[in-house]
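These are the residues of each chain, in order.
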Amino acid sequence: MEYSPKDIENKWQKYWLDNNCFEPENNYEKEKKYILSMFPYPSGRIHMGHVRNYCLGDAFARFFRKANFNVLHPIGWDSFGMPAENAAIKHKLHPKKWTYENIDYMRDELNSLGLSFSKSREFATSDELYTRWEQEFIIKMYENKLLYRKSTTVNWCEPCHTVLANEQVEEGCCWRCDTAVEQKEMPGYYVSITKYAQELLDDLKSLESDWPSQVLTMQENWIGRSEGLEFNFELVKESRYKLDKQFASFSVFTTRPDTIYGVSYSALAPEHPIVQYILDYKLLPSDKLNAIKAMQKVSERDRATMPKEGISLEIDVIHPLTAARIPVWVANFVLSSYGGGAVMAVPAHDQRDFEFAREYSLPIKQVIVGPNGLLDKMTEAYTAEGKLINSEGFSNLQNTKAKKAIMYHFEQNSFGIKKVNYKLRDWGVSRQRYWGAPIPFVHCNDCGLVAEKLENLPIALPSDVEITGEGNPLDTHPTWKHCACPTCGKDAIRETDTLDTFVQSSWYFLRYSTNPEKWKEEGISKEDANYWMDVDQYIGGIEHAILHLLYARFFTKALNDLGYTESKEPFKKLLTQGMVLKDGAKMSKSKGNVVDPDSIIEKYGADTARLFMMFAAPPTKELEWNDSAVDGAFKFIRKFSERSSHVTSEAVANFDNIDHSSLNKEEKEARKKIYEALQKSNDVFSKTYAFNTLIASSMEAMNALQAQDNDLIWAEGYYILTNILEPIIPHLSWEISDKLFKRENFKNNINIKEEVFTLDSITLAITINGKKRGEIEVSPDSTKDDILKFAKESSSKWIEGKQIIKEIVVPNKLVNLVVKG
């Protein structure tokens, strides 16, 4: 059969569309598979990363459909966000027009790949109907104290005119525009993700066998659970008076109570209330005040990678056990949002504290000793275990026991309490931009902050705005923000902040699970979600390990508690695909190394693009673009198409009756290779994801087919290979299967025939001193002695006159003889 990819692909894409081939069934008695790739941002064109992601997801969906599962495989658009506003400024277009035109274009691009998405469940997160339900969830979170408003120091991006979550600050810069982030005091809305910190941590255990360990570790570290002691440092009298008696003490948290007798200074975060008070009332020399202000402008993430810096606050506190005076500093390594923004510093036993103390000539007091005893001159902190010294009644205790003893002492004497802390912070979801979901609250002079009535939702964006890049158009709109208070009816002001776009991607998978016929009546159908959730296979980049995946896990748990779903974890299995590189670097316009998917499809066809993406590297590894390998993929597909002419209608009718025992060696080898590929297919889709090895096995099977000329085996081979390759090269597989088998081979699982793996003989390599010298063919039931005898006879010229000092038989592989002389 002559291979014409354009004709074949147009034909089957039209057939799939006209016949709604990929819509899920409403039969909830049937076993299901929910396959989902992370949905794209409609930037205008798809890139090779999209191609890889969606081809992987499509392969899973097609495989499970053939296995008679009820498959949900949806697509949508993560369509709110700053790029649309930036484009509006650049091209003088409305963000909505730019977004939805991009969606139309990218949808056609994805369709050209033959992806088996459900058409009926497609939506954009900027659709007003999607916003309506999201706003309801936000109101319910507020009513259940899972969302609150407060004023705090935030990460501010001036070009984007918006607040960024800590996770969106990358090396001190905005994750979108790469501009340096400032610290700014602003009111905003926060989601109480910290209330779920322990549950998010505990439930990682349920994902251990099905999520990459790297992702689990990243989430565990981000949540950052630690157990320790919380206590107060009391300010000395002079310091209290210096601070106008506004502060009597401050709280500190430590995971190392065993080192408390080694405290030589305390350090506060630049944002600590005491530090801010000192700044506000100019209680230090101007050079110190300016240095502290400069420190405050640097994000916490950047401070973590900077050299340790500090400034003496010229105040002291009292050690809770020894009553010694301890100086207080402000230091850039202390986080305001962790442990109260204050630490006790023990330079002898913490490397960070040690470096700081050495820099500023602060005392270093050793209170734990190892086998070598007290160190005369410390060149680094001693962080190993040991016995306490210089620790009053706790001296001579092992430090592991001393931790518990000292915490017990603090609690018994009401000096402090045992406490669990987390690095995870509440999620700031306010954004000062137009193109986002409006936060559904109203500010009333009499009633305060009031949630909008559910019957008034959605609070939609006004269309008559001009995007200039200066400020928030919702704030400057002449009428939109003016409204009546939902409680008292008086004049009020609508909230002009919009939601972080990560809110939309935190529940979209639950929306997909709801039958579209119910979309107007409910945001999430509990009946539908109970059937479809959890997502059986989720596919996306590892760059989403913390942001999206953590937020999605939290949102699922919160919506469960609010009664919208019974699901507690959104994604059963996670596959994180590697990036697509060219010339060793990530594809980007600035590097000039972008490969346009449209041009590849135009030249070779979608099946070639799909095959290359699945074959060039294991899916979790980086894939290096290779033009010659793309050409090689095309040649294999063309050969697969052309060789299908070997299959006759008579053979198709009779290949079920092959008598394996009567076949010759080449025919048996061909059948073995074909069924090995089928066996690997089942394994790859359920366990290994090693699609490259599956394709390699299929290629080996094709080569073995061509080495024999039995029509029945050609027919059986194509019956199985078109089934195996359909998830990868669907267009040609449907074309061949339709012509030869009326697509009967796509309707049910093909059973493995064990007879093909029964061997008449096996070939063993013969190596002498590790160097291959020949091969022998022996019966599978040959004894070790028989094999060695045959091997020696076959390699006589290599061992003649030499002493055999070792004989090794590796079953089914080789015989190695070690000789000397």
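Everything discussed here concerns the structure shown above.
Residues numbered from 1 in each chain as written. Predicted model: local features only at pLDDT ≥ 70, side-chain atom pairs only at ≥ 80, totals over all residues. Heavy atoms only, no water.

1. Looking at the sheet that holds strand β26 (residues 580–582)
Line of reasoning, step 1. Read across the sheet, three strands follow the order β27-β26-β28 without closing on themselves; strand pairing throughout is mixed. Lying at the two open borders of the sheet, with one neighbouring strand each, are β27 (585–586) and β28 (623–624).
Line of reasoning, step 2. As judged from the two bridges shared by β26 and β27, these two strands associate in the antiparallel manner. The residue of β27 that forms the bridge with L581 is K586. (Pairing = 2+ DSSP bridges. Helix = DSSP H or I, 4+ residues; strand = E, 2+ residues; numbered from the N terminus.)

2. A closer look at the packing of aromatic side chains
Line of reasoning, step 1. For the structure shown, the criterion picks out 58 aromatic pairs.
Line of reasoning, step 2. Relative to W734, the ring of Y15 lies with its centre 6.2 Å away and its plane at 55°, an arrangement referred to as tilted. Highlighted residues: Y15 in helix α1 (residues 5–18) and W734 in helix α26 (residues 730–741), separated in sequence by 719 residues.
Line of reasoning, step 3. By relative accessible area, which is 29% here, Y15 ends up partly exposed.
Line of reasoning, step 4. Relative to Y130, the ring of F123 lies with its centre 5.0 Å away and its plane at 25°, an arrangement referred to as stacked. Each member of the pair F123 and Y130 is classed as buried.
Line of reasoning, step 5. Three or more aromatic residues joined by ring pairs make a cluster, and in this case those are F39, F123, Y130, F137, W507, Y508, F509, Y512, W519, Y538, Y564 and F571.
Line of reasoning, step 6. Above the face of the W133 ring, R132 is positioned so that its terminal group lies 3.8 Å from the ring centre.
Line of reasoning, step 7. Directly above the ring of Y190 sits K150, whose terminal nitrogen or CZ lies 5.2 Å from the centroid. (Phe/Tyr/Trp six-rings, centres within 6.5 Å; stacked < 30°, edge-to-face > 60°. Buried < 20%, exposed > 50% of the residue type's maximum accessible area, 1.4 Å probe, protein only. Lys NZ or Arg CZ within 6 Å of the ring centre and 35° of its normal.)

3. So, the sheet that holds strand β1 (residues 32–37)
Line of reasoning, step 1. Ordered in space as β2-β1-β24-β25, the four strands form an open sheet in which the pairing is parallel. Sheet topology places β2 (70–72) and β25 (571–577) at the edges, where each strand pairs with a single neighbour. The mean inter-strand angle of the sheet, taken between neighbouring strand axes irrespective of direction, is 20°.
Line of reasoning, step 2. In terms of strand pairing, strand β24 (residues 535–541) meets β25 through six bridges, oriented parallel. If you follow I539 over to β25, its bridge partner there is L575.
Line of reasoning, step 3. Across the sheet, helix α18 (residues 547–561) touches β24 and β25, and the angle it forms with β25 is around 170°. (Axes fitted to C-alpha atoms, helices over the stretch in contact; angles between N-to-C directions. Contact = heavy atoms within 4.5 Å.)

4. What to know about helix α5 (residues 128–143)
Line of reasoning, step 1. Taking 1.5 Å of rise per residue, the 16 residues of α5 would be expected to cover 22 Å, and the 23 Å separating its terminal C-alpha atoms lies within 8% of that figure.
Line of reasoning, step 2. Taken as a whole, α5 has its buried residues at Y130, T131, R132, W133, E134, Q135, E136, F137, I138, I139 and M141.
Line of reasoning, step 3. Following α5 by one or two positions, K145 has its phi on the positive side, about 60°. (Expected span 1.5 Å × (residues − 1).)

5. Thoughts on the packing of helix α23 (residues 665–688) against helix α25 (residues 711–725)
Line of reasoning, step 1. Across the interface, α23 lies against α25 with an axial gap of 10 Å and an inter-helix angle of 15°. Relative to α25, α23 is oriented roughly parallel. Seen from above, α23 lies across α25 with left-handed handedness. Of α25, the residues touching α23 (which contributes E667, A670, R671, I674, Y675, A677, L678 and S681) are I713, E716, G717, I720 and I724.
Line of reasoning, step 2. Across the contact of α23 with α25, the residue classes break down as eight nonpolar, two polar and three charged. (Parallel < 35°, antiparallel > 145°, perpendicular 65-115°, else oblique. Left-handed = near helix turned anticlockwise from the far one by under 90°. Nonpolar A, V, L, I, M, F, W, Y, C, P; charged D, E, K, R; others polar.)

6. Comments concerning unusual backbone geometry
Line of reasoning, step 1. Cis rather than trans, the peptide bond between L457 and P458 has omega equal to 0°.
Line of reasoning, step 2. Take P458: it is sitting in the loop between β20 (448–451) and α14 (473–476).
Line of reasoning, step 3. Cis peptide bonds are those with omega within 30 degrees of zero, and the linkage from M533 to D534 qualifies with 5°.
Line of reasoning, step 4. Looking at where D534 falls in the secondary structure, it is placed in the loop between α17 (526–532) and β24.
Line of reasoning, step 5. For N20, which is not glycine, the phi torsion reads 45° and is therefore positive.
Line of reasoning, step 6. By secondary structure assignment, the location of N20 is in the loop between α1 and β1.
Line of reasoning, step 7. Positive phi, normally seen in glycine, also occurs at N769, with a value near 50°.
Line of reasoning, step 8. Position of N769 relative to the elements: it lies in the loop between β29 (762–768) and β30 (771–778).

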